[in-house]
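Observations on the model geometry
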Amino acid sequence: MPVAMSSSFPDKTAVNLRFRPHTYVAEWCCTAASVQNVTGEWRRRRLLTLLSNSALQSRRRDGLLQDVLLSDTRETHIAADPLRRIAGEYLPPYLPGELEIARIVLGTTPAVVYSLRARSDRPQHARHPTRRSTMHAKNVPRALRMVDEQGSTFTFEPPTSNGTMTLRELIRVIDSVRAGHIDFHPEHVPFPEALLEEGAGMFLLFDDLLNFVHISSLVYPELNAFYRIRAAFWLRRRNSQHARVRSRPEDRLAKQWTEGRL
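Residues numbered from 1 in each chain as written. Predicted model: local features only at pLDDT ≥ 70, side-chain atom pairs only at ≥ 80, totals over all residues. Heavy atoms only, no water.

A look at the state of the cysteines
Here a disulfide denotes a covalent bond joining the sulfur atom of one cysteine to the sulfur atom of another. For the structure on display, the rule yields 0 disulfides. The thiol of Cys 29 is unpaired, and the distance to the nearest cysteine sulfur, on Cys 30, comes to 5.3 Å. Taking relative accessible area as the criterion, Cys 29 reaches 21% and is therefore assigned partly exposed. (Disulfide = S-S within 2.5 Å. Buried < 20%, exposed > 50% of the residue type's maximum accessible area, 1.4 Å probe, protein only.)

Structural data, given as structure tokens:
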């Protein structure tokens, strides 16, 4: 599905779709790198708050920093607040050298988490490959994988990337996702909008729908802004039932989008 040259839709916020990280390790920020592979959504958000405040006691965050909690620890952690803490904790374990490059969280109760991951296709000779050794090399083929906690089947294009992707390329991958558990998903509808359509079927209000699909990345900081703009655009178009007196900029863009000129 095509996207615009400099941003997805007319908006004051410019999104650099040409941005390409030189590595999939979120090394631009030590906090981001620390929580990049933490599966639990509640733990990730809590850690981002705790790690940004060095004055807080380190003991309060030690037990949260593991990427994947051990079974007994996980059950104890979830039991304290099951509806909030369970989201993401049962995602499949990471493959050797695999990193999460984007995640989608649905505003259900409990939340539903989709994790898009990448790993190097280069054979690993080290007994314990590190994140840096597997994801720093330029032009190394990376295999992509989408997972959720229900073991759903996902397809998307392309399934691999040669080196790191630009933000535009990552968006195309996310848009192309097809999930086996979604019964009705027209070919021309991107995956995030298909999820929004499911939310609309729950009769959510505008603001709740706008926050229903949260797409973020610790490797691509502008990914969330892009999809926030697009969700607002989709909701405005969906809620508009009457003919407009004049053509809006987003209408012209939508026409160009449909005609494949973007």
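Examining helix α8 (residues 191-200)
The buried count for α8 comes to 8 of 10 residues, which makes it a mostly enclosed element. Buried within α8 are the following residues: Phe 191, Pro 192, Glu 193, Ala 194, Leu 195, Leu 196, Gly 199 and Ala 200. (Helix = DSSP H or I, 4+ residues; strand = E, 2+ residues; numbered from the N terminus.)

Re the layout of surface pockets
Volume-wise, the second largest pocket comes out at about 450 Å³. Breaking the lining of the second largest pocket down by element, the ones donating at least two residues are α2 (41-51), α5 (82-85), β1 (99-106), α8, β7 (213-216) and α10 (223-239). Looking at the lining of the second largest pocket residue by residue, the class counts come to 14 nonpolar, 6 polar and 6 charged. (1 Å grid on protein atoms, 1.4 Å probe; cavity = no way out; pocket = protein on both sides within 12 Å on 5 of 7 lines; lining within 4 Å. Points joined across faces, edges and corners; volume = space filled by probe spheres on them. Nonpolar A, V, L, I, M, F, W, Y, C, P; charged D, E, K, R; others polar.)

Focus on the packing of aromatic side chains
Taken as a whole and judged by the stated rule, the model has 4 aromatic pairs. Between Phe 19 and Tyr 220, the ring centres sit 5.9 Å apart and the planes meet at 90 degrees, which makes this aromatic pair edge-to-face. Of this pair, Phe 19 sits in the segment before α1 (30-35) while Tyr 220 is found in the loop between β7 and α10, placing the two residues 201 residues apart along the sequence. The partly exposed category is assigned to Phe 19, whose relative accessible area is 31%. Within the aromatic cluster, the residues linked to one another by ring pairs are Tyr 114, Phe 154 and Phe 191. (Phe/Tyr/Trp six-rings, centres within 6.5 Å; stacked < 30°, edge-to-face > 60°.)

Examining the nonpolar core
Membership of the largest hydrophobic core comes to 53 residues, with the highest contact counts inside it found for Ile 101, Ile 104, Leu 116, Ile 174 and Leu 223. By residue number, the principal contributor to this core is α10, which donates 8 residues. The next biggest cluster of nonpolar side chains, apart from the first, holds 5 residues, and it includes Ala 87, Val 105, Val 113 and Val 147. (Core = buried A, V, L, I, M, F, W, Y, C linked by side-chain atoms within 4.5 Å.)

Quick look at helix α4 (residues 71-79)
Restricting attention to buried positions, one finds in α4 the residues Arg 74, His 77 and Ile 78. Taken end-on, α4 shows its buried residues confined to a sector of 95 degrees, consistent with a single buried face. Among the exposed residues of α4, those pointing more than 90 degrees away from its buried face are Asp 72, Thr 76 and Ala 79. Elements in contact with the buried residues of α4: α2 and α5. (Arc of directions from axis to C-beta. Contact = heavy atoms within 4.5 Å.)

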